Amino acid sequence: MQTPNDSLDEARAAYEAHLHTCRQCAADQAPCAVAKLLRRAYNSLALAARRGAPSGPATRPR
């Protein structure tokens, strides 16, 4: 079973790996849409971890 920290580490690793391998990110010196999505996922997991949520991204009340 994965812990929230494992998920957070995987999300960070996926984001960093994408930045190093994506031609568009390298050419433009700016994150592409996929990089932005990966960063958003990482930020959501980090926020959930700080709030003490058991797992998954934080949800917004409507």
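Our structure's up above, just so we're on the same page.
Please read these numbers as outputs of a predicted model, since none were measured by experiment.

1. As for the overall build of the chain
Phase 1: Helix and strand counts for the chain come out as three helices and zero strands.
Phase 2: Its helices and strands in sequence order give the chain the pattern α-α-α, from N to C terminus.
Phase 3: Taking all 62 residues of the chain together, 19% fall into the buried category.
Phase 4: Sequence separation of at least 24 residues holds for 31% of the intrachain contacts in the chain that already meet a minimum separation of 6.
Phase 5: Carbon and sulfur atoms make up 53% of the accessible area of the chain, which totals about 5000 Å².

2. Focus on unusual backbone geometry
Phase 1: Phi at glutamine 29 is positive, roughly 55°, even though this residue is not glycine.
Phase 2: Residue position: glutamine 29 is located in the loop between α2 (23-28) and α3 (33-51).

3. Some words on the packing of aromatic side chains
What describes a pair of aromatic rings is the distance from one ring centre to the other and the angle between the planes of the rings.
Phase 1: Taken as a whole and assessed by the stated rule, the structure comprises zero aromatic pairs.
Phase 2: Seen from the ring of tyrosine 15, arginine 39 lies directly overhead, with NZ or CZ sitting 5.4 Å from the centre.

Basis of the calculations
Residues numbered from 1 in each chain as written. Predicted model: local features only at pLDDT ≥ 70, side-chain atom pairs only at ≥ 80, totals over all residues. Heavy atoms only, no water. Helix = DSSP H or I, 4+ residues; strand = E, 2+ residues; numbered from the N terminus. Buried < 20%, exposed > 50% of the residue type's maximum accessible area, 1.4 Å probe, protein only. Contact = heavy atoms within 4.5 Å. Areas by Shrake-Rupley, 256 points an atom, 1.4 Å probe, with all protein chains shown as cover. Phe/Tyr/Trp six-rings, centres within 6.5 Å; stacked < 30°, edge-to-face > 60°. Lys NZ or Arg CZ within 6 Å of the ring centre and 35° of its normal.

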